[in-house]
Amino acid sequence: MIILGIETSCDETAASVIKTSGGKIKILSNIISSQIPIHRRYGGIIPEIAARAHIENILPVIQKSLEILKNQKIDLIAVTQGPGLVTSLLVGIETAKTFSYAKKIPLMGINHLKGHIAANWLSPISAISKSEFLISKQIQIKFPALCLIVSGGHTELILMSGQTKYKKIGQTRDDAAGECFDKIAKLLNIGYPGGPAIAAEAAKLKTTNHKLQVSLPRPMFNSPDSDFSFSGLKTAVFYLVQKNKNILTNSKTKNEFIQAVCAEAQQSIIDVLIKKTIQAAEKFKVKSIILCGGVASNNELRKQFEEKIKNLTTKINFYVPERKLCTDNAVMIAMAAYFQYKNMGTKQIKKLQKNFQKIKVNPNLEI
Ligand code: KG4
Ligand code: ZN
């Protein structure tokens, strides 16, 4: 089966073609046009500018993703339906609907968060040529599994009893973890997107010779529920920056201060994410922990999660997608569609033919 995935929920215009056969999945193409250079100057995403860039990029991106196919037929189009920015989503959906109608190809609307989760079944993958052709074997994740989605817009804990069976058990009450990274980076004026910028500054800190001790809160670290909160951490950094304005005007102390704040902010986020996830994993006696979303590409988070889980007395398997499949891409959307399709009856499959008339954007789509 050949599936074309289309993703435009935020600031990446992405299209991918995957081929499934006999339980194996082959990524034929994974094309991403990032808008990071456009939004960098604003320190965040401007929805109107994002939508315009999607309109310019969507057709070339889809065309490039299809080059590999030559004369092979596409069996299914999968497009992100939500959650995300409404005007960005509209570009992907309307393009997918037009393509579906013109070529008479069934169409499926996909929840972006389910896409992030699905990326875990592609791990591990290996590049077989320079042009991004990747092959993967489907891996077996044992259920019940607990999934931590950490992206720019979401921080959620999802209990899964099967590959397509989800139950949300907790979420952030305010900012998402990625949003917190982005806003702290903006306060420190170190670039956009904030996650990679903070990780890079934190990695420069030499723990042995740093004189500036920075201490930040771990919000909701001790709460027994599975919720999160990150806006207080951002506010704490805001006041820290205000208090230390003199340090920031001195080029000698400035770098070290920024590195110390980044290392502590990153560690605060990591501490809370790991503690709350393991707490819920033990409560629900899960067999696997799955990590996904853009923040899951953070090296320290991946490393510390793995170490903590390895040292638990109960055996829990840990999964995280390859770093480039953590941030937004269309492979994950095609993968989620494949998993849903596999569970559909012939009646439901028939209905996909008419979906070009029905699918609507849902910016607040829940899991
Ligand atoms: O999943 P994603 O690509 O888009 C959304 O669905 O939101 O996630 C983007 C988020 C941004 O907030 C970005 O700062 C964060 O992921 N991010 C990271 C890293 N790379 C991206 N956060 C921490 N460390 C990273 N290395
Ligand atoms: Zn995402």
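### Focus on the packing of aromatic side chains
Inference 1: Counted under the stated rule, the structure contains seven aromatic pairs.
Inference 2: Aromatic side chains Phe-228 and Phe-230 sit 6.2 Å apart centroid to centroid with 10° between the ring planes, which places their arrangement in the stacked category.
Inference 3: By relative accessible area, Phe-228 is classed as buried at 0%.
Inference 4: Look at Phe-230 and you get buried, because its relative accessible area is 0%.
Inference 5: Measuring from centroid to centroid gives 5.3 Å for Phe-238 and Tyr-239, while their planes differ by 75°, and the two rings are edge-to-face.
Inference 6: Among the residues examined, Phe-238 registers a relative accessible area of 35% and is labelled partly exposed.
Inference 7: According to the relative accessible area criterion, Tyr-239 is exposed, its value standing at 54%.

### Digging into the domain arrangement of the chain
Often, the extent of an interface is quoted as the loss of accessible area upon association of its parts.
Inference 1: What the domain assignment reports for the chain is domain 1 (2–123 + 324–357) and domain 2 (145–320).
Inference 2: Tallying the contact residues gives 22 residues for domain 1 and 22 residues for domain 2.
Inference 3: Ranking the residues of domain 1 by area buried against domain 2 places Ile-117, Asn-120 and Cys-326 at the top, with a combined share of 32%.
Inference 4: Summed over the shared surface of domain 1 and domain 2, the result is zero salt bridges.
Inference 5: Along the contact surface separating domain 1 from domain 2 lie six residue pairs in polar contact (both at pLDDT 80 or more).
Inference 6: With four residues, the single largest contributor to the side of domain 1 that touches domain 2 is helix α4 (residues 112–118).
Inference 7: Grouping the constituent residues of the side of domain 1 that touches domain 2 by class yields nine nonpolar, nine polar and four charged.

### Thoughts on the coordination of the zinc ion (ligand 2)
Inference 1: Protein-derived ligands of the zinc ion (ligand 2) are His-112 (NE2), His-116 (NE2) and Asp-328 (OD), with the metal-ligand distances lying across 2.0 to 2.1 Å.
Inference 2: If you list the donors of the zinc ion (ligand 2) from N- to C-terminus, the spacing comes out as H-x3-H-x211-D. Taken together, the positions of His-112 and His-116, both in helix α4 and four residues apart, correspond to about one turn of that helix. Pair check on accessibility: His-112 and His-116 agree, each one buried.

### Topic: the environment of Thr-80
Inference 1: Relative to the helices and strands, Thr-80 is located in strand β4 (residues 76–82).
Inference 2: C-alpha separation for the pair Thr-80 and Cys-180, spaced 100 residues apart in sequence, amounts to 24 Å.
Inference 3: A distance of 2.6 Å separates the side chain of Thr-80 from the side chain of Glu-7, its partner in a polar contact.

### Some remarks on the pairing of strand β3 (residues 24–34)
Inference 1: Here 10 bridges tie strand β2 (residues 12–21) to β3, and the two strands are oriented antiparallel to one another. From the neighbouring strand, Lys-19 faces β3, where its bridge partner is Lys-26.
Inference 2: What sits between the antiparallel neighbours β2 and β3 is a turn of two residues, in which Gly-22 has the positive phi angle 55°.

### A word on the state of the cysteines
Inference 1: The full count for this structure, using the stated rule, is zero disulfides.
Inference 2: A disulfide-free cysteine, Cys-10 has its sulfur positioned 16 Å from the sulfur of Cys-292, the nearest such atom.
Inference 3: Among the cysteines around Cys-180, which has no disulfide bond, Cys-262 carries the closest sulfur, lying 11 Å off.

### Section: helix α3 (residues 86–103)
Inference 1: The end-to-end C-alpha separation of α3 is 25 Å, in line with the 26 Å expected for 18 residues at 1.5 Å each.
Inference 2: By the burial criterion, the buried members of α3 are Ser-88, Leu-89, Val-91, Gly-92, Ile-93, Thr-95, Ala-96, Lys-97, Phe-99 and Ser-100.
Inference 3: Buried positions along α3 lie against β1 (2–7), α2 (47–66), β4, β5 (107–111) and α13 (355–358).
Inference 4: Count one or two residues on from α3 and you reach Lys-104, which has phi positive near 55°.

### What to know about the sheet that holds strand β8 (residues 145–150)
Inference 1: The strand order across the open sheet formed by five strands is β10-β9-β8-β11-β12, and the pairing between neighbours is mixed. Edge positions in the sheet fall to β10 (165–171) and β12 (317–319), since each of these pairs with one other strand and no more. When strand polarity is set aside, the average angle formed by the axes of neighbouring strands in this sheet is 20°.
Inference 2: Relative to strand β9 (residues 155–162), β8 is paired through six bridges, and the arrangement is antiparallel. Bridge pairing in β9 places Ile-149 opposite Glu-156.

Rules used in this analysis
- Numbers given to residues run from 1 along each chain, matching the order in which its sequence is written.
- Chains and ligands are labelled by the order in which they are written, letters from A for the one and numbers from 1 for the other.
- Local features are withheld for residues below a pLDDT of 70 in this predicted model, meaning they are given only at 70 or higher, and side-chain atom pairs are given and counted only at 80 or more; totals for whole chains, interfaces and linings count all residues.
- Only hydrogens and water are set aside; all other atoms, that is, all heavy atoms of the structure, feed into the side-chain values.
- By convention, a stacked pair of Phe, Tyr or Trp rings (six-membered ring in the case of Trp) has centres within 6.5 Å and planes under 30 degrees apart, an edge-to-face pair has planes over 60 apart, and any other such pair is tilted.
- Accessible area is worked out with a 1.4 Å probe on protein chains only. A residue is then buried under 20% of its type maximum, exposed over 50%, and partly exposed in between.
- Note that the domain bounds reflect an automated or database-derived domain assignment.
- By the convention used here, residues are in contact when the closest approach between their heavy atoms is within 4.5 Å.
- What gets called buried area is simply the loss in accessible area from a 1.4 Å probe that two parts show on being joined, summed for both.
- Salt bridge criterion: a side-chain nitrogen from Lys or Arg within 4 Å of a carboxyl oxygen from Asp or Glu.
- Side-chain atoms alone can form a polar contact between residues adjacent in sequence; in general such a contact is a pair of N or O atoms within 3.5 Å, and within protein one must be able to donate a hydrogen while the other accepts it.
- Only DSSP runs of H or I with at least four residues qualify as helices, and only runs of E with at least two residues qualify as strands; both kinds are numbered from the N terminus onward.
- Residues are grouped as follows: Ala, Val, Leu, Ile, Met, Phe, Trp, Tyr, Cys and Pro are nonpolar; Asp, Glu, Lys and Arg are charged; all remaining types, including Gly, are polar.
- Any nitrogen, oxygen or sulfur atom within 2.8 Å of a metal ion counts as a donor, with the limit raised to 3.2 Å for Na, K and Ca, and since water is left out, coordination shells can look unfinished.
- When DSSP finds two or more bridges between a pair of strands, those strands are recorded as paired.
- Count a disulfide wherever a pair of cysteine sulfur atoms falls within 2.5 Å.
- By this rule, a helix spans an expected 1.5 Å times one less than how many residues it contains.
- Lines fitted to C-alpha atoms define the axes here, with helix axes fitted over just the stretch in contact, and angles between the N-to-C directions of these axes take values from 0 to 180 degrees.

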